Structures are given as structure tokens and as C-alpha cells.
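Tertiary structure, described
So you can see what is in the structure, the chains are spelled out below.
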Amino acid sequence: MRLISHYHVVARIFAAHLSGETHHYTSDNVAQTPALADLRSAVTDLDRWYLDYVAHVPSGRLTERLAFMFTDGDKGYMSREEMLGHVILHGGYHRGEVGRILSQLSIMPPWDTLAVYLHQTEPARRLQGSQAPTSATTAAVSG
């Protein structure tokens with residue numbers, strides 16, 4: 001739970017950097033770990049925010065570099081695409097750790113990969129690039 005909370009806080013911090021907002025975190029985690037249901041909801045909401053952000057950010061802005069402060073007071077300077085890459089890799093690293101811990105506890109971790117996500121959200125990808133016949137195509141072929 002602490003690992004999930006940690007990568008969620010870091011993702012929130014970088015969402016603030018990307019949106020030009022101020023965050024009020026003084027650490028890369030919160031003192032009190034949220035309840036699992038609350039954490040799940042918060043992670044889901046932030047995941048949606050990132051999906052919306054990448055869907056709407058103009059591609060030319062991705063290379064824009066932004067100055068920011070780390071929670072330890074160190075200065076940082078990254079492009080928007082570097083920030084997005086950092087959030088993805090950082091979260092993936094810690095999600096892998098959570099999966100390893102679950103396995104050690106004899107709990108089957110969820111299938112938590114990009115390939116699974118893409119094929120669940122876009123089942124047509126299972127067609128490997130070919131197009132499923134539409135009703136118009138079917139009518140033309142059988143007519």
C-alpha cells in the first residue's frame with residue numbers, strides 16, 4: 001500500500017508540474033496511507049487525468065521544458081514528454097514491486113501490462129491490423 005501511495009503521490013506532483021499548478025507535497029509520499037478503496041479511486045481518477053492530458057496536449061508542447069522543484073528542494077528541469085516518461089517508468093517500476101510482493105505472499109498479481117490494457121480497451125487490436133467486416137462490407141460481398 002505504501003508503494004502504491006508513493007507512486008501515486010509522485011504522479012500527482014508531476015501532474016501539477018504539467019498543468020502549471022502548485023502542489024503542496026513536502027515528501028514523495030503521505031504520512032498516513034489512504035484506505036485501499038480511497039487509493040484505488042484516486043489512482044483511477046489520476047490515470048484518467050493523464051489519458052485526457054495526452055489526448056489533448058498539442059504535440060508541439062511536449063518538447064517544452066519546464067522548471068520545477070522536487071519535494072526535497074532541489075531544482076528540476078524537464079520537458080513535458082520527459083515528465084510523462086518519468087511518470088510511466090516510475091509507476092511501472094513500483095507496480096512491478098507490488099506484483100513481486102503479492103507473488104511472495106502467494107497472491108496472484110493482476111495482469112498489469114500495456115499489451116493487456118490496449119487489448120482490453122481496444123479489442124479490435126486482436127485483428128492484427130486487418131479490419132473487421134462492417135455491415136456495408138458484408139452486404140457488398142454477399143450481394
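This section reports on the structure supplied with the text. What you see is a predicted model; the values in this text were computed from it and never measured.

1. Regarding the nonpolar core
Core analysis: the biggest nonpolar cluster contains 15 residues, and Phe 14, Leu 18, Tyr 50 and Met 83 have the highest contact counts within it. Looking at this core, the elements that each hand over two or more residues are helix 1 (2–19), helix 2 (36–56), strand 1 (65–69) and helix 3 (80–104). With five residues, helix 1 is the largest single contributor of residues to this core. Setting aside its immediate chain neighbours within four residues, Phe 14 contacts Tyr 50, Phe 68, Phe 70, Met 78, Met 83, His 86 and Val 87. Formed by five residues, the second largest nonpolar core is a distinct cluster that contains Ile 4, Tyr 7, Leu 39 and Val 98.

2. Thoughts on the pairing of strand 1
Residues Leu 66 and Phe 68 point to one face of strand 1 and are all buried, whereas Arg 65, Ala 67 and Met 69, pointing to the other face, are not buried. Counting the residues between successive antiparallel strands, the hairpin from strand 1 to strand 2 (residues 75–79) contains five residues, one of them, Gly 73, with a positive phi of roughly 95°.

3. Some points on the pairing of strand 2
By the bridge criterion, five bridges tie strand 1 to strand 2 in an arrangement that is antiparallel. Within strand 2, the residue paired with Arg 65 across the bridge is Ser 79.

4. Thoughts on the packing of aromatic side chains
Counted by the stated rule, this structure contains four aromatic pairs. For the ring pair Phe 14 and Phe 68, a centre distance of 5.6 Å and an interplane angle of 70° mean the geometry is edge-to-face. Of this pair, Phe 14 sits in helix 1 while Phe 68 sits in strand 1, and the two are 54 residues apart along the sequence. A relative accessible area of 5% means that Phe 14 is categorised as buried. With a centroid separation of 4.9 Å and an interplanar angle of 70°, the aromatic rings of Phe 68 and Phe 70 are classed as edge-to-face. For Phe 68, a relative accessible area of 7% corresponds to the buried category. Among the aromatic residues, those joined into a ring-pair cluster are Phe 14, Phe 68 and Phe 70.

5. A few points about helix 3
For helix 3, spanning 25 residues, the distance from its first C-alpha to its last is 36 Å, which sits close to the expected 36 Å at 1.5 Å a residue. Buried within helix 3 we find Arg 80, Met 83, Leu 84, Val 87, His 90, Gly 91, His 94, Glu 97, Val 98 and Gly 99. Positioned one or two residues after helix 3, Ser 106 has a phi angle of 60°, which is positive.

6. Some thoughts on the packing of helix 1 against helix 3
One way to put it is that helix 1 packs onto helix 3 with a least axis distance of 9 Å and a crossing angle of 170°. Taken together, the axes of helix 1 and helix 3 are roughly antiparallel relative to one another. Counting all contacts with helix 1, which are made through Leu 3, Ile 4, His 6, Tyr 7, Val 10, Ala 11, Phe 14, His 17 and Leu 18, the residues of helix 3 involved are Arg 80, Met 83, Leu 84, His 86, Val 87, His 90, Gly 91, His 94, Arg 95, Glu 97, Val 98 and Ile 101. The residue makeup of the contact of helix 1 with helix 3, split by class, is twelve nonpolar, six polar and three charged.

7. Side note on unusual backbone geometry
Note: most peptide bonds trans; most residues except glycine with negative phi. Positive phi, close to 60°, is recorded for Ser 106, a residue that is not glycine. Along the chain, Ser 106 turns up in the loop between helix 3 and helix 4 (114–121).

8. A few points about the pattern of salt bridges
Here the structure, examined in full by the defined rule, presents four salt bridges. The salt bridge involving Arg 48 is made with Asp 45; its shortest N-O contact spans 3.0 Å. One end of the pair, Arg 48, and the other, Asp 45, are both in helix 2, three residues apart, so they sit about a helical turn from each other. Among the residues examined, Arg 48 registers a relative accessible area of 51% and is labelled exposed. Its relative accessible area of 43% is what places Asp 45 among the partly exposed residues. The salt bridge involving Glu 122 is made with Arg 125; its shortest N-O contact spans 3.1 Å.

Conventions we followed
Just so you know, the residues in each chain are numbered from 1, in the order the chain's sequence is written. Since the coordinates come from a predicted model, pLDDT governs what is reported: local features require at least 70, and pairs of side-chain atoms require 80 or more to be given and counted, while whole-chain, interface and lining totals use all residues. The basis for every side-chain value is the complete set of non-hydrogen atoms in the structure, without hydrogens or water. As used here, the term nonpolar core means buried Ala, Val, Leu, Ile, Met, Phe, Trp, Tyr and Cys residues forming a set that is joined through side-chain atoms within 4.5 Å. Throughout this description, buried means an accessible area under 20% of the type-specific maximum (1.4 Å probe, protein chains only), exposed means over 50%, and partly exposed covers the range between. Numbering of helices and strands runs from the N terminus; a helix is a DSSP stretch of H or I covering at least four residues, while a strand is a stretch of E covering at least two. Here, two residues are considered to be in contact whenever any of their heavy atoms come within 4.5 Å of each other. Strand pairing is assigned whenever DSSP identifies at least 2 bridges connecting the two strands. Note on aromatic contacts: the rings of Phe and Tyr and the six-membered ring of Trp form a pair at centre separations within 6.5 Å, being stacked when their planes are under 30 degrees apart, edge-to-face when over 60 apart, and tilted otherwise. One less than the number of residues in a helix, times 1.5 Å, gives the span that helix is expected to have. Note on geometry: axes are lines fitted to C-alpha atoms, helical ones only across the stretch in contact, with angles between N-to-C directions running from 0 to 180 degrees. What sets the label is the angle itself: under 35 degrees gives roughly parallel, over 145 gives roughly antiparallel, 65 to 115 gives roughly perpendicular, and the rest give oblique. Basically, the charged four are Asp, Glu, Lys and Arg, the nonpolar ten are Ala, Val, Leu, Ile, Met, Phe, Trp, Tyr, Cys and Pro, and anything else, Gly included, counts as polar. For this document, the term salt bridge refers to a Lys or Arg side-chain nitrogen within 4 Å of an Asp or Glu carboxyl oxygen.

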